[in-house]
Amino acid sequence: MSYVPLTREELLIEIDNKSKAIINMGKKLTAITDKMETFDIFLIAALNRTVNISKAYTSLIRENNFIAAAPLVRINIDTLLRLYASLISEYDRNAFASKVMSGELIKKMKLNGTKTKLDDRTLYLEISKIKGMEWVKDIYQAGNSFVHLEKSHIFSSLKIADDKERTINMSIGFHDAFIPEGEKIGSAVWMNKIIDSIIRQAQIWMYDKAKKIGFDIEQLNHLK
């Protein structure tokens, strides 16, 4: 059976659908128990950030504003890394959330059992050690190229008009006509992958929470 790549719009619809699923996770959290833990508050904030960043991304891509949409991929990675930080920091997850809520910077915290600070580099290198998550390092670094004014922005504003004459077309305007379609599709593929990973981080917490109080996690599958 041959694989048919998804179109850009199909990928955006997947992102929209995942946002709906994330919103529904709030109901599932309270279905496990109505007793809130500190990390619940942190997680809800992270998921709320994710759905709003994702909505902005799909809206901007549909409005042909890739230049504004592309940095949002990097922002969703930021959320993923900070959720992962709660698993590997020197504190348990509730203490971690409490520290963050009191204003302590995650980059000032230490990797559990070491003196290594949990800066972004440590976080993306640590999560990239997990099988199937090796891509995080490369996508983090690629995302940075759209956050900072670098060659990505320069080449997104021009197009070679004639190789022999060494001429280019440049433009200032509300469009992304010089961005290859493959690059737009690629960003949507990675955005989907990042959101999937954020969802998995939330599921890990929900599974642990259910196990701690003896709640049958399978009951959540029947929650409307």
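Note: the structure precedes this text.
To keep things clear, this report deals only with the structure shown in the data block. (Residues numbered from 1 in each chain as written. Predicted model: local features only at pLDDT ≥ 70, side-chain atom pairs only at ≥ 80, totals over all residues. Heavy atoms only, no water.)

### Points about the packing of helix α1 (residues 8-32) against helix α2 (residues 38-62)
Two elements in contact, α1 and α2, have axes whose closest approach is 10 Å; the angle formed by their N-to-C orientations is 160°. With respect to each other, α1 and α2 are oriented roughly antiparallel. Relative to α2, the crossing made by α1 is left-handed. Counting all contacts with α1, which are made through R8, E9, L12, I13, I15, D16, S19, I22, I23, M25 and L29, the residues of α2 involved are D40, L43, I44, L47, T50, V51, S54, Y57, T58, I61 and R62. Class assignment for the residues of the contact of α1 with α2 results in 13 nonpolar, four polar and five charged. (Axes fitted to C-alpha atoms, helices over the stretch in contact; angles between N-to-C directions. Helix = DSSP H or I, 4+ residues; strand = E, 2+ residues; numbered from the N terminus. Parallel < 35°, antiparallel > 145°, perpendicular 65-115°, else oblique. Left-handed = near helix turned anticlockwise from the far one by under 90°. Contact = heavy atoms within 4.5 Å. Nonpolar A, V, L, I, M, F, W, Y, C, P; charged D, E, K, R; others polar.)

### Regarding the packing of aromatic side chains
This model, assessed by the stated rule, comprises five aromatic pairs. When the centroid spacing of 5.5 Å and the interplanar angle of 85° are considered together, the rings of F42 and F96 count as edge-to-face. Linking F42 in helix α2 with F96 in helix α4 (residues 93-101), this pair joins segments that are 54 residues apart in sequence. We classify F96 as buried; its relative accessible area is 0%. (Phe/Tyr/Trp six-rings, centres within 6.5 Å; stacked < 30°, edge-to-face > 60°. Buried < 20%, exposed > 50% of the residue type's maximum accessible area, 1.4 Å probe, protein only.)

### Considerations on the pattern of salt bridges
By the definition in use, this model includes 13 salt bridges. Between D16 and R62 there is a salt bridge, with the nearest N and O atoms lying 3.0 Å from each other. Taken together, the residues D16 in helix α1 and R62 in helix α2 connect sequence positions 46 residues apart. Linking K212 and E37 is a salt bridge whose minimum nitrogen-to-oxygen distance equals 3.0 Å. Highlighted residues: K212 in helix α8 (residues 181-213) and E37 in the loop between α1 and α2, separated in sequence by 175 residues. Looking at E37, the relative accessible area reads 17%, which means it is buried. (Salt bridge = Lys/Arg side-chain N within 4 Å of Asp/Glu carboxyl O.)

### Re the nonpolar core
L43, Y57, L81, L118, V136 and M191 are the most contacted members of the largest nonpolar core, which totals 57 residues. Mapped by element, the contributors of at least two residues to this core are α1, α2, α3 (66-88), α4, α5 (120-127), α6 (135-147) and α8. Non-local contacts of V136, meaning those with residues more than four positions away in its chain, are made with L80, L81, Y124, I127 and S128. (Core = buried A, V, L, I, M, F, W, Y, C linked by side-chain atoms within 4.5 Å.)

### A look at the packing of α2 against α4
Packing of α2 against α4 brings their axes to within 7 Å, and their N-to-C directions diverge by 60°. Viewed along their axes, α2 and α4 form a crossing whose handedness is left-handed. In this structure, α2 contributes T38, F39, I41 and F42 to the contact, and α4 contributes R93, N94, F96, A97, S98, V100 and M101. By residue class, the composition of the contact of α2 with α4 is seven nonpolar, three polar and one charged.

### Quick notes on the layout of surface pockets
Empty space within the largest pocket amounts to approximately 230 Å³. Looking at the largest pocket, the residues that line it are A21, N24, M25, K28, I199, Q203, M206, Y207, I217, E218, L220 and N221. Put simply, the parts of the chain that give the lining of the largest pocket at least two residues each are α1 and α8. Split by residue class, the lining of the largest pocket holds seven nonpolar, three polar and two charged. A volume near 200 Å³ is recorded for the second largest pocket. Residue lining of the second largest pocket: 13 residues in total, with V73, A142, F146, S187 and W190 positioned closest to the centre. Among the secondary structure elements, those contributing two or more residues to the lining of the second largest pocket are α3, α6 and α8. (1 Å grid on protein atoms, 1.4 Å probe; cavity = no way out; pocket = protein on both sides within 12 Å on 5 of 7 lines; lining within 4 Å. Points joined across faces, edges and corners; volume = space filled by probe spheres on them.)

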